[in-house]
Amino acid sequence: MSGIRLATLTIGQAPRADITPILEAALPEGVSCRHAGVLDGLGIDDIERRFAPVAGEAVLTSRLLDGQAVVMGKTAVKHAVQDKIDLLEQEGCQIIALLCTGEFHGLTTQGAWLIEPDHLLPPTLGALVAGRRVGVMVPLAEQVSSEQQKWRGLRQSPVFAVASPYTATEHEIADAARSLQQQGADVIVMDCMGFTGWHRNAAHRQTNLPVVLSNGLLAALLAALL
């Protein structure tokens, strides 16, 4: 599939210095990549005004270009994601890869190939681990209930721990990984695109368990497709 124009879409600001090197290292030659973000061009006041969580709704977190982490309401983010998808498709992007592991039901394109990690990662990891127990590391405590729904297809019920890729220290990552191991996890999945090799190594050193990065798995699957 040479000559393909790929777009990546983060719910933060692009380019994501923590994610794009992982993706670009996996992409074959001849694939041009356009990086876009839902929050591109917005200041923190605009972000807080437009994306402030509403009481009781699911929340998401992402990163700004200056490294600052923001927490946003999922409903507003979904509408903005769809608007950006429409724009990227109008620009001629043929494949659009969403750089967020959250579930966004009902996203559409006119013809572009939309890659949604929440559709790919749970079944792929489920096939890899078979009947072993998965430990899921999520950025926010408020996300555990929604993540339980996303990972419901695993043979064994997953266990959860919380540590943000944007604010957690190495000690906090290690504590979260140890908690997953103590809950019976046989493998750890870092369920946010913001987790990097640094986080994976910290978790592995603490537990000696296999640790899967969501962005690394997405990059491998994209490379196979392209």
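Nothing here was measured: the structure is a model prediction, and the numbers come from that model. (Residues numbered from 1 in each chain as written. Predicted model: local features only at pLDDT ≥ 70, side-chain atom pairs only at ≥ 80, totals over all residues. Heavy atoms only, no water.)

## Quick word on the packing of helix H4 (residues 117-129) against helix H8 (residues 214-225)
Here comes step 1: Interaxial distance between H4 and H8 falls to 11 Å at its minimum, and their mutual angle equals 95°. Between H4 and H8, the interaxial angle falls into the category roughly perpendicular. Between H4 and H8, the contacting residues are Pro117, Leu120, Leu121 and Thr124 on the first element and Ser214, Leu217, Leu218 and Leu221 on the second.
Here comes step 2: Residues of the contact of H4 with H8, tallied by class, amount to 6 nonpolar, 2 polar and no charged. (Axes fitted to C-alpha atoms, helices over the stretch in contact; angles between N-to-C directions. Helix = DSSP H or I, 4+ residues; strand = E, 2+ residues; numbered from the N terminus. Parallel < 35°, antiparallel > 145°, perpendicular 65-115°, else oblique. Contact = heavy atoms within 4.5 Å. Nonpolar A, V, L, I, M, F, W, Y, C, P; charged D, E, K, R; others polar.)

## Structural notes on the domain arrangement of the protein
Here comes step 1: The domain boundaries assigned to the protein delineate domain 1 (5-115) and domain 2 (119-214).
Here comes step 2: On a C-alpha basis, the centroid separation for the pair domain 1 and domain 2 is 22 Å.
Here comes step 3: On the domain 2 side, the residues contacting the 15 residues of domain 1 number 17 residues.
Here comes step 4: Between domain 1 and domain 2 lies a buried interface of about 1300 Å² when both sides are counted; carbon and sulfur atoms form 68% of it.
Here comes step 5: The interface formed by domain 1 and domain 2 holds 0 salt bridges in total.
Here comes step 6: Viewed at the interface, domain 2 and domain 1 are joined by 4 residue pairs in polar contact (both at pLDDT 80 or more).
Here comes step 7: Within the residue set of the side of domain 1 that touches domain 2, elements represented by two or more residues are strand S3 (59-63) and strand S4 (69-73).
Here comes step 8: The element that contributes the greatest number of residues to the side of domain 1 that touches domain 2 is S3, accounting for 5 residues.
Here comes step 9: Looking at the side of domain 1 that touches domain 2 residue by residue, the class counts come to 8 nonpolar, 3 polar and 4 charged. (Domains from an automatic or database assignment. Buried area = accessible area lost by both parts, 1.4 Å probe. Salt bridge = Lys/Arg side-chain N within 4 Å of Asp/Glu carboxyl O. Polar contact = N/O pair within 3.5 Å; in protein donor to acceptor, adjacent residues only side chain to side chain.)

## Describing the packing of helix H6 (residues 170-182) against helix H7 (residues 197-207)
Here comes step 1: H7 packs onto H6 with a crossing angle of 50° between their chain directions and a minimal axis gap of 8 Å. Here H7 runs oblique to H6, going by the angle between their axes. Considering only the axes of H6 and H7, their crossing is right-handed. Across the interface between the two elements, Glu170, Ile173, Ala174, Ala177, Arg178 and Gln181 from H6 touch Trp198, His199, Ala202, Ala203, Arg205, Gln206 and Thr207 from H7.
Here comes step 2: Of the residues in the contact of H6 with H7, the class split is 6 nonpolar, 4 polar and 3 charged. (Left-handed = near helix turned anticlockwise from the far one by under 90°.)

## What about the pairing of strand S9 (residues 187-190)?
Here comes step 1: In S9, alternate side chains face the same way, and those of Val187 and Val189 on one face and Ile188 and Met190 on the other are all buried.
Here comes step 2: The pairing of S9 with strand S10 (residues 211-213) spans 3 bridges and is classified as parallel. What sits directly across from Ile188, in S10, is Val211. (Buried < 20%, exposed > 50% of the residue type's maximum accessible area, 1.4 Å probe, protein only. Pairing = 2+ DSSP bridges.)

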